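Each chain, letter by letter, is given below.
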Amino acid sequence: MKIDFSKDNGLVPAIIQDAITKNVLMLGYMNQEAFDKTMETGKVTFFSRSKNRLWTKGEESGNFLELVSMSNDCDDDTLLIKVNPAGPTCHKGTDTCWKEKNTPSYGFFSALEDVIAERVANKDTKKSYVASLFSKGINKIAQKVGEEAVETVIEAMDDNDELFLYESADLLFHYLMLLQAKGFTLKDIENELKARHK
């Protein structure tokens, strides 16, 4: 890997990203020595501008950043370092230096989980289909998942892709409701699938 350390007093920015969640955790700086030590130990090491020395993240807290991969940008003067964090990354105890939780996001599906939770909490059964279905109990929610699964299978055997996608969306939506009714989220399903993956 070619890195141009010549532009800023021998330092390059190092963007730290969680290898699993893809969240940005922090920004640090590396010189050649910090880069070499990171590659040698597998623990991300920076050059601390305030302490004027090498600093391995976690050397005091134990919250190391385990190196997964490293790549440089198109100008060879910025690093993207993917890590597995062993605890909070920020020295103030938060997951990230932007006070954000380092939780996985499933894009729109995560937003949809939040909407479902909010509708269930508000319990407005007259305005919300979700609240109305939850008010009928878990058996009714499970029954709806079964109905949508059958409709999805029927459309899968037909040639109408538009109807297949429509029913698939209905199935997934109702399944997200069933997960919440049982006290689970997509994260729990991800963990189960990871445990099976070999």
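For the structure itself, consult the block above.
The rules behind the values
Residues numbered from 1 in each chain as written. Predicted model: local features only at pLDDT ≥ 70, side-chain atom pairs only at ≥ 80, totals over all residues. Heavy atoms only, no water. 1 Å grid on protein atoms, 1.4 Å probe; cavity = no way out; pocket = protein on both sides within 12 Å on 5 of 7 lines; lining within 4 Å. Points joined across faces, edges and corners; volume = space filled by probe spheres on them. Helix = DSSP H or I, 4+ residues; strand = E, 2+ residues; numbered from the N terminus. Nonpolar A, V, L, I, M, F, W, Y, C, P; charged D, E, K, R; others polar. Buried < 20%, exposed > 50% of the residue type's maximum accessible area, 1.4 Å probe, protein only. Polar contact = N/O pair within 3.5 Å; in protein donor to acceptor, adjacent residues only side chain to side chain. Contact = heavy atoms within 4.5 Å.

Asker: Is there a simple way to explain the layout of surface pockets in this structure?
Answerer: Over the atoms rolls a probe the size of a water molecule, and in doing so it shows where empty space is left. In this structure, the largest pocket spans a volume of roughly 450 Å³. Secondary-structure elements contributing two or more residues to the lining of the largest pocket are strand 2 (24–30) and strand 3 (45–48). Broken down by element, the lining of the largest pocket gets its largest block of residues, four residues, from strand 2. Looking at the lining of the largest pocket, its residues break down into nine nonpolar, eight polar and five charged.

Asker: Looking at this structure, how should I read the side chain of Thr96?
Answerer: Within the secondary structure, Thr96 is located in the loop between strand 6 (79–85) and helix 2 (108–122). Owing to a relative accessible area of 1%, Thr96 belongs among the buried residues under this scheme. Within the structure, Thr96 has its side chain in polar contact with the backbone nitrogen of Trp98 (distance 3.0 Å). With residues near it in sequence (within four places) discarded, Thr96 still touches Val24, Leu25 and Cys90.

Asker: Would you mind showing me how to read unusual backbone geometry here?
Answerer: Trans is the prevailing form of peptide bonds, just as negative phi is the prevailing case for residues other than glycine. Phi at Asn52 takes a positive value of approximately 55 degrees, unusual for a residue other than glycine. Secondary-structure assignment places Asn52 in the loop between strand 3 and strand 4 (53–56). Since its relative accessible area comes to 58%, Asn52 is described here as exposed.

Note that every value here comes from positions in space, so none of it alone points to a role or purpose.
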